[in-house]
Amino acid sequence: DGGITQSPKYLFRKEGQNVTLSCEQNLNHDAMYWYRQDPGQGLRLIYYSQIVNDFQKGDIAEGYSVSREKKESFPLTVTSAQKNPTAFYLCASAVSTGQSYNEQFFGPGTRLTVL
Amino acid sequence: AQKITQTQPGMFVQEKEAVTLDCTYDTSDPSYGLFWYKQPSSGEMIFLIYQGSYDQQNATEGRYSLNFQKARKSANLVISASQLGDSAMYFCAMREASSGYSTLTFGKGTMLLVSP
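Since we're looking at a predicted model, the values are computed, not measured. (Residues numbered from 1 in each chain as written. Chains lettered and ligands numbered in written order. Predicted model: local features only at pLDDT ≥ 70, side-chain atom pairs only at ≥ 80, totals over all residues. Heavy atoms only, no water.)

(A) Structural detail: a nonpolar patch on the surface. Together, Tyr10, Phe12 and Leu115 of chain A make up an exposed nonpolar region whose accessible area comes to about 390 Å². Inspection of the secondary structure assignment puts Tyr10 of chain A in strand β2 (residues 10-13). (Patch = residues over 30% accessible without salt bridge, like charges linked within 9 Å, V, L, I, M, F, W, Y side chains within 5 Å. Areas by Shrake-Rupley, 256 points an atom, 1.4 Å probe, with all protein chains shown as cover. Salt bridge = Lys/Arg side-chain N within 4 Å of Asp/Glu carboxyl O. Helix = DSSP H or I, 4+ residues; strand = E, 2+ residues; numbered from the N terminus.)

(B) Representation of the confidence of the model for chain A within the structure. Counting all residues, the mean pLDDT for chain A is 93, and 98% of those residues have values of 70 or more. At the low end of the mean pLDDT range in chain A sits β2 of chain A, at 93; at the high end sits strand β7 (residues 64-66) of chain A, at 97. (pLDDT = per-residue confidence, 0-100.)

(C) Representation of the pattern of salt bridges within the structure. In the structure shown here, the tally under the stated rule is 5 salt bridges over all chains. Asp30 of chain A is the salt-bridge partner of Lys71 of chain A, the closest N and O atoms lying 3.3 Å from each other. On the criterion of sequence distance, the pair formed by Lys71 of chain A in the loop between β7 and β8 (76-78) and Asp30 of chain A in the loop between β3 (19-25) and β4 (31-37) is long-range, its members being 41 residues apart. The partly exposed category is assigned to Lys71 of chain A, whose relative accessible area is 24%. Asp30 of chain A gets classed as partly exposed once you look at its relative accessible area, which sits at 31%. Salt-bridge contacts for Lys3 of chain B lead to Glu96 of chain B; the nearest nitrogen and oxygen are separated by 3.3 Å. Taken as a pair, Lys3 of chain B in the segment before β1 (4-5) and Glu96 of chain B in strand β10 (residues 88-96) lie far apart in primary sequence, 93 residues in all. (Buried < 20%, exposed > 50% of the residue type's maximum accessible area, 1.4 Å probe, protein only.)

Dropping the structure here:
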């Protein structure tokens, strides 16, 4: 089955530790995205990548880093510089950018709790 | 100014009734796309419906339809014959030409509860 996988579903970390969230897709999509969702809030864009080995900052990139070495994978690292990392993180992909109609497909999300 | 505004934090509807979820948007681009997503309690985002700014007709997908009023910059989602499984958060989102259609901007969402 084609889709997006995120692991793990729940993640606990101590304050001051870096943590990497996994996102893998087998949809052959060029574009991938990371969003953060806080309670009662919509999704806010952290980083996105339109092609392998290239990525751009979103609205709230501070304290996060990404890599895009393979088309299928777009891992997100939450660094110790992120002031309030506890949140629900969603990964998404799209066929490509450049058209208005390409919907984004989402993974099941990772709920990160920093203790 | 917010690009996407969803003014209803929560909505209640009885099963089998229709419900309208409001969405207004702000853009100066002539070309843009509007999306609605559903987020059940499991957390995954599910794409429901899309409306392009140049589309002449309102989009429909099964029980979902989009009441697109371009001059008012509104794109309300209409769910007909509500079902218990429709209980979820609903998000309106927009993609604009000025960003190269590369990113989506989301509203804060509306929580819909369907009662028996």
